[in-house]
Structures are given as structure tokens and as C-alpha cells.
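Understanding the architecture of this molecule
As a plain string of letters, each chain reads:
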Amino acid sequence: MIGTTIGLIVAATLVVATFFGGIRIVRPTEKATIETLGKYTGFANQGFNWIIPFIQDIIYINTTERMANIDPQEIITEDNLNANVDLVVYYKVKPDAESVKKALYEVNNFRDQIIVLAQTTARNVIGTMPFKDVNSKRNELNGRLVETLKKETAGWGVQVVRVELKEIVPPKDVQDTMNKVIKAENEKRAAIDFATARETEADGIRRAAIKAAEGSKQAAILEAEGKAKAFEMINKSFIGNAQILRKLEVTENSMKNNSKIILPEGKSLINVIGSLADATK
């Protein structure tokens with residue numbers, strides 16, 4: 001009886017131990033395959049999974065984007081300059097079951113393989129470009145490196161997301177020359193900007209002077225026209241008054257000499273005298 005009880009306890013303990021020993025948890029950032037006696041037999045789901053201990057095993061793989069820092073290497077450009085190039089490659093395992101199987105079973109340590117492949121690809125691509133283009137066309141160079149790496153890793157279940165050139169350092173003498181060229185270009189741009197500003201300032205002064213001259217000219221014209229009109233009115237007034245005074249003088253002389261006054265047709269002496277009187281006011 002006691003032996004039976006002990007046996008049941010041992011059996012229950014083994015069952016519980018087996019159950020808890022077979023529990024496997026797959027996180028959201030991972031994918032996993034199940035192997036039975038070393039052979040692939042299935043794809044594990046995210047979350048809770050149970051396998052047979054000692055018979056089955058579960059292999060995890062991270063599917064998040066990761067970075068591979070490529071050690072700086074010296075690369076000879078097309079114009080025979082030794083440039084030190086520092087690269088960074090961003091990659092990730094594709095999450096579908098087929099890609100996960102390829103990453104686990106068709107390539108040995110794909111991360112190390114990507115690093116070596118990136119180094120050789122950089123040498124091949126940069127070696128066909130002059131240093132000036134390597135330094136100034138980084139986006140284009142990054143694109144070419146990505147496309148080449150994608151083709152080479154197509155059977156690995158891995159996606160190369162992007163490649164970035166962290167640094168491109170030319171030889172010291174070339175760097176000194178480049179610094180002098182950059183300094184000269186900056187000085188040239190500054191001189192052009194200064195000359196343009198002075199030209200703009202001179203143009204503004206010239207325009208202001210032209211507008212001032214046009215204003216003075218217009219004022220002079222208006223003043224001359226005003227004076228001319230004033231002289232014309234004075235002249236007309238003078239001629240009219242002179243004619244009236246002449247008529248008055250003739251009338252006065254005629255009266256003194258007891259002469260006859262011949263009036264224009266339709267006018268009376270009173271009208272003539274009235275007009276003369278108005279003129280003398």
C-alpha cells in the first residue's frame with residue numbers, strides 16, 4: 001500500500017515536471033521552429049507552446065531590425081586614393097515561416113555573413129567610383145550597396161533594410177587639399193554675396209535718386225505752368241483794363257471839348273458810363 005502511494009506520487013511528480021519542462025513561450029519579437037529528434041517538424045506560434053521534453057526542441061530567432069557595424073576598412077577608389085570607409089548595415093529576418101527556415105537552416109550565422117558580404121560589396125562598388133563621387137554622392141552609393149546586398153542575401157530569409165556610410169576619410173594630404181578648396185569656395189561665395197549686396201544697395205540708391213529727380217522735375221513743371229497761367233491772367237486783365245481806361249479817357253475828353261459821342265448800336269450812354277465806372281473800381 002505504501003509502495004503504491006509512493007509510486008503514484010513519483011508518477012504525478014514526473015507528469016508535472018514533464019508538463020512544466022515542456023512549456024515554451026515565444027515573444028512577439030521572435031519566431032520559432034520546433035525540431036523533433038533534430039528534424040524540423042513545425043512552426044511555433046507566438047505565446048504559449050508545449051513540446052515533449054528531451055525529444056523535441058524549439059529554436060528561436062529574432063525578427064526585429066538589427067544593426068551590424070562594419071569595421072573601418074581601407075578601400076582604393078577609381079582615382080587610386082586610399083580612403084578609410086566605415087559602414088553600418090541594418091537588416092532583419094523576414095517573419096514568414098519560409099524565411100525563418102532559410103535563416104536557420106540555409107545559412108550559417110547570417111549576421112557574420114552579412115558583415116563580410118558588406119565589406120566585399122563596399123570594395124567592389126566604391127572601387128569603381130572616384131573619391132569625389134564617393135564623398136558627395138553618399139545617398140546614391142548607399143542605394144547601390146543596398147541593392148547589391150539584397151540580391152546576395154535573397155536566399156537567406158533576411159531583408160537588408162538600408163546601408164549607411166558613417167565616415168569616409170581620405171589620405172591626409174588629400175584632406176588638406178580638400179580643406180583648402182572648401183575654404184576657397186566659401187571665400188568666393190562670401191565675396192559674391194558681398195558684391196551682390198553692394199550692387200543691390202547701389203541700385204536702390206540710384207532708383208531713389210531717379211525718383212527724387214523725377215519729383216523735382218514734375219514740381220518744376222507744375223510751378224512753371226502755374227506761373228505761366230498767372231502771367232496769362234495778368235496780361236488779359238491788363239489789356240482789358242487798358243481798353244476801358246482808353247474809352248474813359250476818350251469820353252472825358254469829348255465832354256470837355258463839348259464833342260459828340262457816337263455810341264455803338266444798341267447801347268446807351270448810361271451803359272457805357274456804367275461799364276467805365278465798374279472798370280475804375
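This text gives an overview of the structure that appears in the document. (Residues numbered from 1 in each chain as written. Predicted model: local features only at pLDDT ≥ 70, side-chain atom pairs only at ≥ 80, totals over all residues. Heavy atoms only, no water.)

1. A few points about helix 2 (residues 97–105)
Note the threshold: Burial here depends on accessible area, computed with a 1.4 Å probe over protein chains only, as a share of the maximum for the residue type. Under 20% is buried, over 50% is exposed, and the range in between is partly exposed. Secondary structure elements are taken from DSSP: a helix is a run of H or I of four residues or more, a strand is a run of E of two residues or more, and numbering for both begins at the N terminus. An arc is given here, and it is the one of the directions from the helix axis to the C-beta atoms. Contacts are residue-level and defined by heavy atoms, with any inter-residue pair within 4.5 Å sufficient.
Taken as a whole, helix 2 has its buried residues at Ser99, Val100 and Ala103. All buried residues of helix 2 project into a common sector of 100° when viewed along the axis, lining one side. Contacts made by the buried residues of helix 2 are with strand 2 (30–36), strand 3 (39–44), strand 5 (56–62), strand 7 (82–93) and helix 3 (110–126).

2. Some thoughts on a nonpolar patch on the surface
Definition in use: Two joining distances apply to patches: 9 Å for like charges and 5 Å for nonpolar side chains (Val, Leu, Ile, Met, Phe, Trp, Tyr), and every residue must have over 30% relative accessible area and no salt bridge. Under the convention used here, a 1.4 Å probe and the Shrake-Rupley method define accessible areas, while residue burial counts only the protein chains that appear. By definition, a salt bridge exists where a carboxyl oxygen of Asp or Glu is found within 4 Å of a side-chain nitrogen of Lys or Arg.
A surface patch of nonpolar side chains, amounting to about 1100 Å² of accessible area, comprises Val16, Phe19, Phe20, Ile25, Leu37, Phe48, Trp50, Ile52, Phe54 and Ile55. Top contributing element to the nonpolar patch by residue count: helix 1 (residues 2–21), with three residues. In this fold, tryptophan 50 is placed in strand 4 (residues 47–50). With relative accessibility at 39%, the residue tryptophan 50 sits in the partly exposed group.

3. Observations regarding the side chain of threonine 153
Mapped onto the secondary structure, threonine 153 falls in the loop between helix 5 (138–152) and strand 8 (158–169). For threonine 153, a relative accessible area of 1% puts it in the buried group. Setting aside anything within four residues of it in sequence, one finds threonine 153 in contact with Ile114, Leu117, Val158 and Val160.

4. Quick look at the environment of tyrosine 91
Tracing the sequence through the fold places tyrosine 91 in strand 7. On a C-alpha basis, the gap between tyrosine 91 and valine 163 in space is 8.9 Å, while along the polypeptide they are 72 residues apart. Sequence-distant contacts of tyrosine 91, that is, excluding residues within four places in its chain, are made with Thr64, Glu65, Arg66, Met67, Ala68, Phe110, Arg111, Ile114, Val158, Gln159, Val160 and Val161.

5. Overview of the sheet that holds strand 2
Going by this rule: Two strands are counted as paired when DSSP detects at least two bridges linking them. Geometry is summarised by axes, namely lines fitted to C-alpha atoms with helices restricted to the contacting stretch, and by angles between N-to-C directions that run from 0 to 180 degrees.
Read across the open sheet, the three strands follow the order 3-2-5; overall the sheet is antiparallel. Either end of the sheet is taken by a strand with one partner, and the two such strands are strand 3 and strand 5. Direction aside, neighbouring strands of the sheet carry axes that sit 30° apart on average.

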